[in-house]
Amino acid sequence: TLPAPLDMAATSPNPSTITSDPMLSSTTTTLGSEIIVSDNWPVTIDASQLPAGLTLDGGAGANRIFEANAGSGFHLIGLTLTGGGGEGTNDSGNGGAINNRGSLRLTRCTLTGNTSSNLGKAIYTQAGTLVLERCTVSGNPGGSSIYAASGVNSLTFCTLGGGDFIDGPGAWTLTSSIVTGGIYGTGALNCVGNNFATVSGPTVTGTTPTGGDPQLAPLALNGGRTMTHSLRGISPARNNAGKIPTA
């Protein structure tokens, strides 16, 4: 099981990387309380070697799944985060699955079925940085899925489906990403490549995002480790990531 190793890694005074036994592939680990990452050394949870991925569920209570404290470096790879309720030690009610005040990076993760009583139904980033790469955020209803109160944050080849949206005064860089519910707030928005999103509030630099329906298929297993949205045949986003600068 994962909770004990996770708790140890979160506070270890050394860099920590947790990989999972292949027997955990396609399983769900249910947590009884949030895991607080307070380590100033990098902590990585890597499920990319599991063919069918690994799900972390917040459980029956209202607790969130992770909190990344100030000064921490936290990287999640190949995980599904679901069932987070946003309650925790700090900023309780903000961040259904994750509350971030450190340096948070997610790679090929899916966040779905999370909620909170206040801001950020999936992720609330209060400070520090938030980086999502090839992630799917979908089905986190009731308000902003990702709320960035500050910091410089980025989405690269990501999809926010099901009407999930971004809000807050934090700054963003979007690279070839889809945000079906739109981008709101007052922070700067730099767009690279072709992005599909309606923007209301932020000042846009770079390429201009395309509004309208990107024609996503429902959230499903599409051959990867986590659930994603495939593009329908008529999707204007198909084969349309745009030119990405290499330097």
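This write-up is about the structure you can find in this document.

1. A short note on the side chain of Ser145
Stage number 1. With respect to the helices and strands, Ser145 occurs in the loop between strand S14 (136-138) and strand S15 (146-148).
Stage number 2. For Ser145, a relative accessible area of 0% translates into the label buried.
Stage number 3. Among all residues touching Ser145, those that are not within four sequence positions of it are Gly120, Lys121, Ala122, Ile123, Val137, Asn140, Asp164 and Phe165.

2. Some thoughts on the pairing of strand S16 (residues 152-156)
Remark: a regular strand shows side chains that alternate across the two faces of the sheet.
Stage number 1. Two strands pair when backbone bridges link them, and strand S13 (residues 129-133) and S16 are joined in this way by five bridges, in the parallel orientation. Within S16, the residue paired with Glu133 across the bridge is Thr156.

3. Focus on the packing of aromatic side chains
Stage number 1. With the rule as written, the count across this model stands at three aromatic pairs.
Stage number 2. Ring geometry for Phe165 versus Tyr184: centroids 5.5 Å apart, planes at 85 degrees, classification edge-to-face. In this pair, Phe165 sits in the loop between strand S17 (159-161) and strand S18 (166-167) while Tyr184 sits in strand S20 (residues 178-184), placing the two residues 19 residues apart along the sequence.
Stage number 3. For Phe165, a relative accessible area of 21% gives the class partly exposed.

4. Quick word on the sheet that holds strand S7 (residues 73-77)
Stage number 1. Pairing is parallel across the open sheet formed by nine strands, whose spatial order is S1-S4-S7-S10-S13-S16-S19-S21-S23. Each edge of the sheet is formed by a strand with only one pairing partner; in this case those strands are strand S1 (16-19) and strand S23 (204-206). Between one strand and the next, the sheet's axes are offset by a mean angle of 10 degrees, whatever the strand orientation.
Stage number 2. In this sheet, S7 lies alongside strand S4 (residues 42-46) in parallel orientation, the contact comprising five bridges. Bridge pairing in S7 links Ile45 to Leu76.

5. Notes on the side chain of Glu67
Stage number 1. Looking at the element boundaries, Glu67 is found in strand S6 (residues 66-68).
Stage number 2. Contact partners of Glu67, with chain neighbours within four places excluded, come to Glu34, Ile35, Ile36, Val37, Thr89, Asn90, Asn99 and Arg101.

6. Some details on the pattern of salt bridges
Stage number 1. The final tally for this structure, using the stated rule, is four salt bridges.
Stage number 2. Between Glu34 and Arg64 there is a salt bridge; the shortest N-O distance is 3.0 Å. Here Glu34 is found in the loop between strand S2 (28-30) and strand S3 (35-37), whereas its partner Arg64 is found in the loop between strand S5 (54-57) and S6, with 30 residues between them in sequence.
Stage number 3. Since its relative accessible area comes to 12%, Glu34 is described here as buried.
Stage number 4. Residue class for Arg64 comes out buried when judged on its relative accessible area of 0%.
Stage number 5. Residue Arg101 pairs with Glu67 through a salt bridge whose shortest N-O separation is 2.9 Å. Taken together, the residues Arg101 in the loop between strand S9 (98-100) and strand S10 (103-107) and Glu67 in strand S6 connect sequence positions 34 residues apart.
Stage number 6. The network of salt bridges with common partners includes Glu34, Arg64, Glu67 and Arg101.

7. Let's talk about the nonpolar core
Stage number 1. Judged by nonpolar contacts, the single largest core of 41 residues is most densely connected at Phe66, Leu76, Leu81, Leu106 and Leu132.
Stage number 2. Residues within four places of Leu81 in sequence aside, it is in contact with Leu56, Ile65, Phe66, Leu76, Ala97, Ile98, Thr110, Leu111, Thr112 and Asn114.

8. Topic: the pairing of S4
Stage number 1. Burial analysis of S4 places four of its five residues in the buried class, the great majority of the element.
Stage number 2. Where S1 lies against S4, four bridges are found, and the strand directions are parallel. Following the sheet pairing, Ser16 is matched in S4 by Val43.

Parameters at a glance
Residues numbered from 1 in each chain as written. Predicted model: local features only at pLDDT ≥ 70, side-chain atom pairs only at ≥ 80, totals over all residues. Heavy atoms only, no water. Helix = DSSP H or I, 4+ residues; strand = E, 2+ residues; numbered from the N terminus. Buried < 20%, exposed > 50% of the residue type's maximum accessible area, 1.4 Å probe, protein only. Contact = heavy atoms within 4.5 Å. Pairing = 2+ DSSP bridges. Phe/Tyr/Trp six-rings, centres within 6.5 Å; stacked < 30°, edge-to-face > 60°. Axes fitted to C-alpha atoms, helices over the stretch in contact; angles between N-to-C directions. Salt bridge = Lys/Arg side-chain N within 4 Å of Asp/Glu carboxyl O. Core = buried A, V, L, I, M, F, W, Y, C linked by side-chain atoms within 4.5 Å.

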